[in-house]
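# What the coordinates show
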Amino acid sequence: MKVYDAASIRNVAIVGHSGSGKTQLAAAILFDAGMVNRLGRVDDGTTVTDFDDEEVARKHTLSASTAFAEWNKTKLNLIDTPGFANFLSDARSALNVADAALVVVDAVSGVEVQTEKAWEMVNEYSLPRFVVLNRMDRERASLERSLESLRTAFGRAVIPIQIPIGEEKAFKGVVDLVSMKAFTFTTDGTGKMTEGALPGDVAERATTAREALVEMVAEADEALMEKFFEAGTLTQEELVVGLQKGIRAASIFPLVCTSGLQNIGIQTLADTIVTYLPSAAERRVKGTDPKARQEVTKETTDSGPYSAFVWKTVADPFAGRITMFRVMTGTLKADSTVHNQTRGASERLGHLILLQGKTQVEVPELKAGDIGAVAKLKDTLTGDTIAEKDTILFPTVKFPEPVLSYAMEPKSRGDEEKISGSLQRLQEEDPTIRSSRDTQTKELLLSGQGQLHIEVTVAKMKRRFGVEVNLKPPKIPYRETITATTEAQGRHKKQTGGHGQFGDCTIKMEPLPRGADFEFVDDIFGGSIPQQFRPAVEKGIQETRLRGYLAGYPVVDFRVTLIDGKFHQVDSNELSFKMAGRIAFKEAMSRARPTILEPIMNVEVYAPSDFAGDLMGDLNSRRGRISGMDTRGGMTVIKAQVPMAEMLTYEQQITSATGGRGSYHMEYSHYEEAPAVIQQKIIAAAKAEKGEEAEEEV
Ligand SMILES: Nc1nc2c(ncn2[C@@H]2O[C@H](COP(=O)(O)OP(=O)(O)OP(=O)(O)O)[C@@H](O)[C@H]2O)c(=O)[nH]1
Ligand SMILES: [Mg+2]
């Protein structure tokens, strides 16, 4: 593969709702460009970009991947991204290193939930974009209806620069409204294209559509507007230039028509990418000067200091770590040593590679604007800047916090270490998962963006690292506390033969505010307990309080004051006072009106306003307290505080209630006393579990 410079590179992220045909489109472009010798199909698991076992098995993209094609002397770097909500942060990472986006829309469904989310993300990065109206060959596919939904969602700047020839099953090509030429394709998947004059039945529609396009382009540019008024129309050249400008200014979103599966309209799409979308050279590279701590802007040129941004990492059990980056400035050379500016470490680059899905193609160097990869870096992770020392640092990407956790149980005993090892590797490639040990429940937790995300992570663990776990909803980390002040005495005494044991203490126990945990105050006046034994009383209480009183959860937010006690010259020792502490604690608890605390979450629900009523009703039934409501556009944000225990099944609920249009986020807020009925259930469950454990031990 030849090395390209920025002016002849187009970096394009393919985004959109799941199932709109992004992966299939990439497959068709790669086939038409001769990069692969057969047209890969998602349904056969033969596409370039869905190569991971999980992707093949599920027929969905779960992770962004890159491919490249040579088209009209230009290198197209295509980044295929997932459409599923759980994996959208990967689309964001891809957009971060792309110079333009193809927003793929299903011609039958029109705009869908993730189309809107993808669009918002493309806005975040202010990228020029095309709408690719795909699956035009399907029954009930319609340009008119889709355009209506697109314009409702994204405004009238969405405008066709092609119209289809033939409908549904008979879809066989497109009219390019700029050149007013017809391109028809064979339907055997080979993509053989014939260029010709307009068929009679579409000529009229094409003329009307072209007029609308010309007007839109003229509107977006003053100089063109004048020409348009003078001449009554625009020349083809003027139209091309006007479109190029309008696309860059995000004032025009051109729409093209395709069928990725039938390989129709794909070559015309590739032409459009080359003609209209910005080259990598147009990007202004932004970062901070690490020394001056000031923002710097640079041109994308291959001379001068090198810099690259790491946008993704893949944990391959065989090839090791694969680091994917975009060269931002300068030139990276194979077999050289580079500097990781983020970590202040040096890294040895081995082979530089281009990734055609999973296939690695070696190149001697990569120039500014290109996207490539390198294997086996030691310290470099996603978000890092590789750059000549102290020249530039790129902003890191913020990944979303996990919204859902499951508890993991190893299928075979002793696999814990393998689990954490493989999770650590997977975390490198997916910064949106977290694993942790709950200090209280002792469970190993896996947290992620949703149920599917967690399931896929577990499946990857099994396939790649051979580690199997069972998933179950996590235990709720309840706590116990007291509500009344009491005093109690604890006496431990054993005097049967030989050396005896004796310890005696009196404590005062009082409630403290939430979050205060546990305090121990030594308030003994005089020597009723010798100094050296007093810490033993505290130790005894500490150990017991962590084992709980009502249902086995730690007792928190109380103070114990040691006020009195007795000791024996010979029989008293540390152990005796520890025991005395325990007894006093239990005695005090029995009268301190203990109660159970449950964790409360701050929840934010985001959904189309039509669902607001239902969702609030549902939150109420989950013992939630609505604390605020806000509308943005057609969307409503509901804020509420809801007990964690009621949120375990929320993902399924919100997905089914809103047809996948709603999403939510939650984080821990505080602990609160659980209602009496709930407490009874918690206590009963704890007893049942204890019974089981006892049985197991037998
Ligand atoms: N009829 C028809 N089917 C298509 C077309 N493009 C894709 N498909 C089918 O639609 C399904 C989804 O296609 P994909 O390419 O996997 O869609 P995607 O957008 O990549 O989906 P995610 O990876 O989940 O985001 C597959 O069964 C494809 O065969 C098309 O142009 N026409
Ligand atoms: Mg896909």
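Look up a bit, the structure's there.
The structure contained in this document is the topic of the report that follows. (Residues numbered from 1 in each chain as written. Chains lettered and ligands numbered in written order. Predicted model: local features only at pLDDT ≥ 70, side-chain atom pairs only at ≥ 80, totals over all residues. Heavy atoms only, no water.)

## Focus: the overall build of the protein
Our working rule: Secondary structure elements are taken from DSSP: a helix is a run of H or I of four residues or more, a strand is a run of E of two residues or more, and numbering for both begins at the N terminus. Should any heavy atoms of two residues lie within 4.5 Å, those residues are counted as being in contact. His is not counted, nor are the chain ends; Lys and Arg add positive charge and Asp and Glu add negative charge. The location of each charge is read from NZ of Lys, CZ of Arg, CG of Asp or CD of Glu.
The helix and strand tally for the protein stands at 16 helices and 36 strands. In terms of principal-axis extent, the alpha carbons of the protein reach across some 110 × 60 × 50 Å. Within the protein, residue pairs in contact and separated by at least 24 positions form 72% of the contacts whose partners lie at least 6 positions apart. Here the protein carries 84 positive and 98 negative side-chain charges, and the mean point of each set is 4 Å from the other.

## Thoughts on the coordination of the magnesium ion (ligand 2)
Short version of the rule: Any N, O or S atom lying within 2.8 Å of the metal counts as a donor, and for Na, K and Ca the limit rises to 3.2 Å; water is left out, so some sites can look incomplete. Think of it in three bands: residues with accessible area under 20% of the maximum for their type are buried, residues over 50% are exposed, and the middle band is partly exposed, with areas taken using a 1.4 Å probe on protein chains only.
Within the first shell, the magnesium ion (ligand 2) binds the protein through Thr23 (OG1) and Thr61 (OG1), at distances of 1.9 to 2.0 Å. Here the residue Thr23 occupies a position in helix H1 (residues 22-32), and Thr61 occupies one in the loop between helix H2 (53-58) and strand S2 (65-71), the gap between them amounting to 38 residues. By relative accessible area, Thr23 is classed as buried at 7%. Given the relative accessible area of 7%, Thr61 is considered buried.

## A few points about the packing of helix H14 (residues 612-621) against helix H15 (residues 650-658)
As a reminder, the rule being used: Helix axes are fitted only over the stretch in contact, all axes being lines through C-alpha atoms; the angle between N-to-C directions runs from 0 to 180 degrees. Here the word oblique covers every angle except those under 35 degrees (roughly parallel), over 145 (roughly antiparallel) and from 65 to 115 (roughly perpendicular). Take the far helix as the reference: if the near one is turned anticlockwise from it by less than a right angle, the crossing is left-handed, and if turned clockwise, right-handed. Any residue that is not Ala, Val, Leu, Ile, Met, Phe, Trp, Tyr, Cys, Pro, Asp, Glu, Lys or Arg is counted as polar, Gly included; the first ten are nonpolar and the last four charged.
The N-to-C vectors of H14 and H15 enclose an angle of 155°; their axes lie 11 Å apart at closest approach. The orientation of H14 relative to H15 falls into the category roughly antiparallel. Here H14 runs over H15; the crossing is right-handed. Contacts between H14 and H15 involve Leu615, Asp618 and Leu619 from the former and Tyr650, Gln653, Ile654 and Thr658 from the latter. Taken together, the residues that form the contact of H14 with H15 break down as four nonpolar, two polar and one charged.

## A look at helix H5 (residues 143-154)
Rule in force here: The length a helix should cover is 1.5 Å for every residue beyond the first. Arc, as used here, means the arc of the directions from the helix axis to the C-beta atoms.
If you check H5, its first and last C-alpha atoms are 16 Å apart, about what twelve residues at 1.5 Å a residue would give, namely 16 Å. Every buried residue of H5 is accounted for by Leu143, Ser146, Leu147, Leu150 and Phe154. Seen from one end, H5 has its buried residues packed into an arc of 100°, which puts them on one side. Facing away from the buried side of H5 by more than 90 degrees, the exposed set consists of Glu148 and Thr152. Summarising the contacts, the buried residues of H5 are in contact with strand S4 (100-106), helix H4 (113-124), strand S5 (129-134), strand S6 (158-160), strand S7 (162-165) and strand S11 (253-257). Positioned one or two residues after H5, Gly155 has a phi angle of 95°, which is positive.

## Concerning the site of ligand 1
Formally: By convention in this text, a residue qualifies as near a molecule or strand provided that one of its non-hydrogen atoms is within 4 Å of it. Here a polar contact is taken to be a pair of N or O atoms separated by no more than 3.5 Å, where protein atoms must pair a possible hydrogen donor with a possible acceptor and residues adjacent in sequence count only if both atoms sit in side chains. The protein chains shown are the only cover counted for residues, whose accessible areas, like all others here, come from Shrake-Rupley with a 1.4 Å probe.
Near ligand 1 there are 21 residues, and of these Ser18, Lys22, Asp43, His60 and Asp137 occur at the shortest range. Backbone polar atom of Gly19 to an oxygen atom of ligand 1: 2.8 Å apart, as the coordinates give it. Between Lys22 and ligand 1, the recorded distance is 2.8 Å, taken from a side-chain N or O atom to an oxygen atom. Computed on the free molecule, ligand 1 has an accessible area of 640 Å², of which 92% lies beneath the protein chains in the complex.

## Examining the nonpolar core
Rule in force here: Within this scheme, the nonpolar core is defined by two criteria: the residues are buried Ala, Val, Leu, Ile, Met, Phe, Trp, Tyr or Cys, and they are joined through side-chain atoms within 4.5 Å.
Among the nonpolar cores identified, the biggest contains 106 residues, and Leu102, Val158, Leu213, Leu243, Leu255 and Trp311 are the most heavily contacted of them. Considering every element that reaches this core, the biggest residue donor is helix H6 (residues 200-219), with eight residues. Residues within four places of Trp311 in sequence aside, it is in contact with Ala64, Thr66, Ile79, Ser93, Ala94, Val97, Met324, Phe325, Arg326, Ile371 and Thr382. In this structure, Leu444, Val469, Tyr650 and Tyr664 belong to the second largest nonpolar core, which totals 30 residues.

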